[in-house]
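Fold and geometry: a report
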Amino acid sequence: WRRTQAIPSCFRLYVQKLVIDSYGGSGEQELDLVKFLLQITFVLEELRISRKSELSIRQRSFMPEWMTPVVDQISLKNTLMMLPKASITCSIQVQ
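The structure reproduced in this document is the subject of the present report.

Calculation rules
- Residues numbered from 1 in each chain as written.
- Predicted model: local features only at pLDDT ≥ 70, side-chain atom pairs only at ≥ 80, totals over all residues.
- Heavy atoms only, no water.
- Helix = DSSP H or I, 4+ residues; strand = E, 2+ residues; numbered from the N terminus.
- Expected span 1.5 Å × (residues − 1).
- Buried < 20%, exposed > 50% of the residue type's maximum accessible area, 1.4 Å probe, protein only.
- Patch = residues over 30% accessible without salt bridge, like charges linked within 9 Å, V, L, I, M, F, W, Y side chains within 5 Å.
- Areas by Shrake-Rupley, 256 points an atom, 1.4 Å probe, with all protein chains shown as cover.
- Salt bridge = Lys/Arg side-chain N within 4 Å of Asp/Glu carboxyl O.
- Contact = heavy atoms within 4.5 Å.

Looking at helix 2 (residues 28–40)
Under the 1.5 Å per step criterion, the end-to-end length of helix 2 is 18 Å for 13 residues, consistent within 8% with the ideal 18 Å. All of the buried residues in helix 2 are Leu31, Val34, Phe36, Leu37, Leu38 and Ile40.

Following this line, the structure appears as structure tokens:
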């Protein structure tokens, strides 16, 4: 994705729900896109992110496999909750 100067006003004023599927979370570009979307959607009520199911070898070596997805979800949600948002009523769900 590439940030542009012109954001349609309908996007800013009418988007109430965003769903991002297969979020990898491994690169800054994905997080930058989510930051950008949170900053320009004034009436956003819900952001729902579904994670990719792949686990890295490093993650698996430090904790039981059954625990890793939960830790990843909590970490991602905490990161997203700290980002500035244009909408004060936006809820964030990570699956």
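With respect to a nonpolar patch on the surface
Taken together, the side chains of Leu13, Tyr14, Phe42 and Val43 define a hydrophobic patch exposed on the protein surface, amounting to about 410 Å² of accessible area. Position of Tyr14 among the secondary structure elements: in helix 1 (residues 9–14).

Focus: the environment of Ile20
With respect to the element layout, Ile20 can be found in strand 1 (residues 17–23). Note on Ile20: relative accessible area 18%, which makes it buried. Excluding residues that lie within four positions of it along the chain, Ile20 makes contacts with Val34, Leu37, Leu47, Arg48, Ile49 and Ser50.

Take it as geometry only, folks, not as evidence of what the structure does.
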